[in-house]
Amino acid sequence: MSLTVDENKALIEEVLKAYPEKTAKKRAKHLGTFEDGKPDCGVKSNIKSLPGVMTIRGCAYAGSKGVVWGPIKDMIHISHGPVGCGQYSWASRRNYYIGETGIDTFGTMQFTSDFQEKDIVFGGDKKLEKIIDEIEVLFPLNKGITVQSECPIGLIGDDIEAVSKKKAKEYVGKTIVPVRCEGFRGVSQSLGHHIANDAVRDWVFDKVDPNKNAFESTPYDVAIIGDYNIGGDAWSSRILLEEMGLRVIAQWSGDGTIAELENTPKAKLNVLHCYRSMNYISRHMEEKYGIPWVEYNFFGPTMIEKSLREIASHFDDTIKANTEKVIAKYRSMVDEVIAKYKSRLEGKKVMLFVGGLRPRHVIGAYEDLGMEVVGTGYEFGHNDDYQRTTHYVKDGTLIYDDVTGYEFEKFVEKVQPDLVGSGIKEKYVFQKMGVPFRQMHSWDYSGPYHGYDGFAIFARDMDMAINSPVWGLTKAPWKKAA
Amino acid sequence: MPQNVDKVLDHENLFREPEYKAMFDKKRSQFEFRVPAEELAKQIEYAKTWEYREKNFAREALTVNPAKACQPLGAVFAAVGFEKTLPFVHGSQGCVAYYRSHFSRHFKEPTSCVSSSMTEDAAVFGGLNNMIDGLANTYNLYKPEMIAVSTTCMAEVIGDDLDAFIKTSKQKGSIPAEFDVPFAHTPAFVGSHITGYDNALQGIIKYFWDGKAGQGTALTRIPNESINFIGGFDGFVCGNLPEIRRMLDLMGVEHTILCDPSDVWNTPTDGEFRMYDGGTTKAQVEAAINAKATISFQGYSTEKTMKLIKEHGHDTTSFHHPMGVTGTDAFLMKVSELTGKPIPKELELERGRLVDAIADSQAHLHGKKFALYGDPDLMLGMTAFLLELGAEPVHVLSTNGDKEWAEKVQALLDASPFGKNCKAYPKADLWHMRSLLFTEKVDFLIGNTYGKYLERDCGTPLIRLGFPIFDRHHYHRFPIWGYQGGLRVLTMLLDEYFEALDANTNGIGTTDYSYDIIR
């Protein structure tokens, strides 16, 4: 059941009692309830996580290597520092791509400088130089290298920028990008996104030869920004844009290539899905190259239709007419999906806690299936995310920013949603409690969820999560009777 | 239109539809500016050659696809094995998100662990305040009975002193003075996850035995008849430790398992989330000092721990992941020797059944060539088991095994006629293994989930054994130790063999004369 504003307040107060006073005071600012007419969700965000509370957040390295840079498939991304960071983020984000892995693409590989004590003591710059040399010998078809800094790099004073410049010169024309995404920087993944965006600006855009990899522009050239192609999301989005008559010249960064990044300034419009992780580069391209950008949402038919029309509004009547045809073409399939699943999902309550754009963007897709999102929160959102969230949530929605393990467990216990959508660390906690769950970072190894093709999968997945017979088995029958 | 409501197409089929294929072709030809097909084909073939292999093995700085993780992961594993203990990792918070995800992807279970969430200011001023606030928050929120502290590389680089920080935290009233906070420095740039397991476990035992970091009195040992058992870092822990317990119970041996996460990573779905479940109790750790002997099942995973225990007067024995008949024999005989208890009929019967199973099936494995990689102890145990089956462990590779380890493997290989032309590769990674598999082909590969990329590239069927295993479910619930475990591993090897044989003989009207119904 969803709670009233007052009930939410009481619940938050109750949960905060478990904390020491100082911590309770700080956490109180991150917990709230959306009330109609307010400009944001009434919570503070993008603030340091408190120690010892079991935050769900990651780090700047995760934001840069794991999210923004990692999916660029024809470059080699060195996890620079000790072995762990690269190991734990190795191929775990399901950024689908097509290519000969290990030969001309490297997405599902783990390149690490595997720092030893001597590298900490004497510095790792020499080792990095040697690593780049060895990469050139063993992986000669790579189109560039990024250096993804782990915590020690910034602490021991390595000069990865100097190494990158030197080696870029040595290997004439090679793109080598140093990224200062040490894990201790900032408060979450979010700063890593920003640093990674800035690295594209400084080490790709500002260095590229505009005649390299040239193609003839058309008035319909767009770039997909902020889609990481998880389970193929960018593909099931791209297909719609192309059907509208647009030409997608680049994907950022799922299934992306360095050539696509380099050519993006030729786009007529940047279409931005994950605002949180790539608004920076979109704004930069607007300022420097005059490319307008538009946010869109490809979760669920209602938002897809709205977004397709919004994107089309930037183009001529042909595109607008095509867009209506696209919407009409998929209408019957979508209606069938809704007809099949809505009756099984109508009225079901959902609680979300995810990163990026999803805490708001997926709400429409649930509503298309007759479901209701009664609580949501961002792992690393900023105030502009919570402002944007007001367009999606209903009055009385429970809001929790950078939720702690304790809070999330208590909220779910009290609200008793029919489904929780969050990450791998949360999945089994709630399933043990008997609450159906879907991972909403990795799509629980399913997907795509974007676009019309993705919506059918989304609907089927939510149904199989909630209506699985297993949830009827959690109580032993002899205990039920008692 | 590709998608179909009656049979929803998932990613593996959806993107094979013609609309998508055409889209991929267009993207590739117009925008990706990939290397020309000829050049690509050339490099694909070149990467399979001896020449490439030599260049690959000449690497000195670059590591590609390693089979190891970092120290704090092992420290979290060790901490999770104690009753109502919350692992607390001092340093950057992203690391903890990674450990929790990593374990949850393997065990399909929750993994509770907190971070002191150090950021830039802590990098400059040290993380003392993070420790003080972090311990207080953890203590109040999650009500553990013990907090086991370890470190990320950030805290190690800036030189935070755990002992002093924890004492200061107590003085500041963050947690009660008597609350147990064992600790271990676990720098990620030294060793691997097994080193971290070792450091953390040693830290916990030392804390309780040697006077709680100066805040209590050291325990005096009064030897008794009990023995301690330590499993080491083990992805199959949920199946293995109960199997060890069962065997020791059958022998009537009084024993303590030091570090037992087999319950907390194996809780039921019954409506209740158990943040803590089972595990070695503090009382058991303390009493364990009195044991007459301590056995480690994985010596490389417990070097410092066993040294500490030996210094306390225990008769110590370190095995290297013993498996199969001979491995289990050696373990049980050692237990019998230490305790004076005979090996009971039940276990003798189990042994006989494993030998029976091997006799039934050995012809299918005899002379088959294997490549294997993983933690150093597992490699020694598995190599011995393969030799026992008459199979040939041609390439034995470990990223976190050193030269001394390689010599040990080599000695094992040299002692068996089936180990001829077989070789150990220390401090090597899976990109090295790729070259080995192309240049010196084997029939099967044994390794963790990441081995699937080698299976794809080299066509060598993968048998999943080791950590992590993300892409197959529930393996960790079954033992691979003991005679029962031997049966399980034998079956896994055979299953893969028969699958491969069937797949190789199912050509209708071409090869299916060998598609036998009885094998």
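Residues numbered from 1 in each chain as written. Chains lettered and ligands numbered in written order. Predicted model: local features only at pLDDT ≥ 70, side-chain atom pairs only at ≥ 80, totals over all residues. Heavy atoms only, no water.

### Details of the overall build of chain A
- Scanning chain A for helices and strands turns up 21 helices and 14 strands.
- The dimensions of chain A, computed from C-alpha atoms along their principal axes, are 75 × 60 × 45 Å.
- The burial tally for chain A puts 68% of its 482 residues in the buried class.
- Nonlocal contacts in chain A, meaning residues at least 24 apart in sequence, comprise 72% of its contacts between residues at least 6 apart. (Helix = DSSP H or I, 4+ residues; strand = E, 2+ residues; numbered from the N terminus. Buried < 20%, exposed > 50% of the residue type's maximum accessible area, 1.4 Å probe, protein only. Contact = heavy atoms within 4.5 Å.)

### Concerning the interface of chain A and chain B
- Each side of the interface is counted separately: chain A has 123 residues, and chain B has 104 residues.
- Of the roughly 9,600 Å² buried between chain A and chain B on both sides combined, carbon and sulfur atoms contribute 63%.
- Taken together, the connections running from chain A to chain B amount to 11 salt bridges.
- For A:Glu242, the salt bridge is made with B:Lys26, and the minimal N-O distance between the two is 3.8 Å.
- Inspection of the region where chain A meets chain B yields 43 residue pairs in polar contact (both at pLDDT 80 or more). (Buried area = accessible area lost by both parts, 1.4 Å probe. Salt bridge = Lys/Arg side-chain N within 4 Å of Asp/Glu carboxyl O. Polar contact = N/O pair within 3.5 Å; in protein donor to acceptor, adjacent residues only side chain to side chain.)

### Notes on the pairing of strand β8 (residues 315–318) of chain B
Residue and element names in this part refer to chain B.
- One ladder, built from four bridges, connects strand β7 (residues 293–296) with β8; its direction is parallel. The residue bridging serine 296 from the neighbouring strand is serine 318, located in β8.
- Crossover handedness for the path β7 to helix α14 (residues 303–311) to β8: right-handed. (Pairing = 2+ DSSP bridges. Right-handed = clockwise from strand over helix to strand, strands pointing away.)

### Quick look at a positive patch on the surface
- On the surface, A:Lys25, A:Lys26, A:Lys29 and A:Lys44 cluster together into a positively charged patch.
- The topology assignment puts A:Lys25 in helix α2 (residues 21–28). (Patch = residues over 30% accessible without salt bridge, like charges linked within 9 Å, V, L, I, M, F, W, Y side chains within 5 Å. Areas by Shrake-Rupley, 256 points an atom, 1.4 Å probe, with all protein chains shown as cover. Lys, Arg positive; Asp, Glu negative; His and termini not counted. Charge placed at Lys NZ, Arg CZ, Asp CG, Glu CD.)

### Things to note about the pairing of strand β4 (residues 145–149) of chain A
Residue and element names in this part refer to chain A.
- By the criterion of burial, β4 is predominantly enclosed, with five of the five residues buried.
- Residues Ile145, Val147 and Ser149 line one face of β4 and the alternating positions Thr146 and Gln148 line the opposite face, and both faces are buried.
- Direction of pairing for strand β2 (residues 76–80) relative to β4: parallel, over a ladder of five bridges. Counted as the bridge partner of histidine 77 is threonine 146 from β4.
- Examined bridge by bridge, β4 and strand β5 (residues 176–179) share four bridges and lie parallel to one another.

### Looking at the pattern of salt bridges
- Counted by the stated rule, this structure contains 74 salt bridges over all chains.
- We note a salt bridge from A:Arg238 to A:Glu242, for which the minimum N-O separation is 3.0 Å. Of the two residues, A:Arg238 and A:Glu242 are both situated in helix α10 (residues 233–243); the distance of four residues between them amounts to about one turn of the helix.
- Note on A:Glu242: relative accessible area 17%, which makes it buried.
- B:Lys212 is paired through a salt bridge with B:Asp180; the nearest N and O atoms lie 3.1 Å apart. One end of the pair, B:Lys212, is in the loop between α11 (193–209) and β5 (227–230); the other, B:Asp180, is in the loop between α10 (162–171) and α11, with 32 residues separating them in the sequence.
- Relative accessible area serves as the criterion here: at 4%, B:Asp180 is assigned to the buried category.
- Sharing partners across several salt bridges, the network here consists of A:Lys73, A:Asp104, A:Asp255, A:Glu260, B:Lys27, B:Glu32 and B:Arg34.

### Some thoughts on the packing of helix α4 (residues 50–57) of chain B against helix α19 (residues 430–439) of chain B
Residues and elements named next belong to chain B.
- Viewed as axis vectors pointing N to C, α4 and α19 meet at an angle of 155 degrees, and their least axial separation amounts to 9 Å. Classified by the angle between their axes, α4 and α19 sit roughly antiparallel to one another. In this structure, the crossing between α4 and α19 has a hand that is left-handed. In this structure, α4 uses Trp50, Tyr52, Arg53, Asn56 and Phe57 to contact α19, whose residues at the interface are Trp431, His432, Ser435, Leu436 and Thr439.
- Of the residues in the contact of α4 with α19, the class split is five nonpolar, four polar and one charged. (Axes fitted to C-alpha atoms, helices over the stretch in contact; angles between N-to-C directions. Parallel < 35°, antiparallel > 145°, perpendicular 65-115°, else oblique. Left-handed = near helix turned anticlockwise from the far one by under 90°. Nonpolar A, V, L, I, M, F, W, Y, C, P; charged D, E, K, R; others polar.)

### Digging into the packing of α19(B) against helix α20 (residues 451–458) of chain B
All names here are of chain B.
- The geometry of α19 relative to α20 is characterised by a closest axis approach of 10 Å and an angle of 30 degrees between their N-to-C directions. Classified by the angle between their axes, α19 and α20 sit roughly parallel to one another. In terms of crossing hand, the pair formed by α19 and α20 is right-handed. Mapping the contact onto sequence places Leu430, Met433, Arg434, Leu437 and Phe438 in α19 and Leu454, Asp457 and Cys458 in α20.

### Concerning α10(A)
All names here are of chain A.
- Burial of α10 is extensive: 10 of the 11 residues sit out of reach of the surface.
- Within α10 the residues assigned to the buried category are Asp233, Ala234, Trp235, Ser236, Ser237, Arg238, Ile239, Leu240, Leu241 and Glu242.
- Just downstream of α10 lies glycine 245, where phi reads positive at about 100 degrees.

### Quick word on the sheet that holds β5(B)
Residue and element names in this part refer to chain B.
- With respect to topology, four strands assemble into an open sheet ordered β6-β5-β7-β8, the strand pairing being parallel. Each having just a single partner strand, β6 (255–257) and β8 make up the two edges of the open sheet. Each neighbouring strand pair of the sheet contributes to a mean axis angle of 15 degrees, computed without reference to strand direction.
- In this structure, β5 lies alongside β6, joined through three bridges in parallel fashion. Pairing of asparagine 228 across the sheet is with threonine 256, part of β6.
- Strands β5, β7 and β8 of the sheet are contacted by helix α15 (residues 324–339), whose axis makes an angle of about 175 degrees with β7.

### Some remarks on the environment of B:Leu397
Residues and elements named next belong to chain B.
- Its location among the elements puts leucine 397 in strand β10 (residues 392–398).
- By relative accessible area, leucine 397 is classed as buried at 0%.
- A C-alpha to C-alpha distance of 8.8 Å links leucine 397 and aspartate 375, two positions 22 residues apart in sequence.

### Some details on the nonpolar core
- Counting 273 residues, the largest nonpolar core has A:Trp69, A:Phe139, A:Tyr366 and B:Phe331 as the members making the most contacts within it.
- Once residues within four sequence positions are removed from consideration, A:Phe139 is found in contact with A:Ile76, A:Gly102, A:Phe106, A:Met109, A:Phe111, B:Tyr52, B:Leu62, B:Val64 and B:Trp431.
- By size, the runner-up hydrophobic cluster in this structure holds 48 residues, among which are A:Ala24, A:Leu31, B:Ile166 and B:Ile175. (Core = buried A, V, L, I, M, F, W, Y, C linked by side-chain atoms within 4.5 Å.)

### So, unusual backbone geometry
- The amide bond that connects A:Trp252 to the next residue, A:Ser253, takes the cis arrangement and shows omega of -10 degrees.
- Position of A:Ser253 among the secondary structure elements: in strand β7 (residues 247–253).
- Its identity as a non-glycine residue notwithstanding, A:Asp255 has a phi of 55 degrees, on the positive side.
- Locating A:Asp255 in the fold gives a position in the loop between β7 and α11 (258–263).
- Note on A:Asp255: relative accessible area 2%, which makes it buried.
- Of note, the phi angle at B:Ala213 is positive, near 50 degrees, even though the residue is not glycine.
- Its place among the elements puts B:Ala213 in the loop between α11 and β5.

### Quick look at the confidence of the model for chain B
- Averaged over chain B, the pLDDT score is 98; the fraction of residues at 70 or greater is 100%.
- Here the complex is predicted with pTM 0.98, and the ipTM for its interfaces comes to 0.98. (pLDDT = per-residue confidence, 0-100.)

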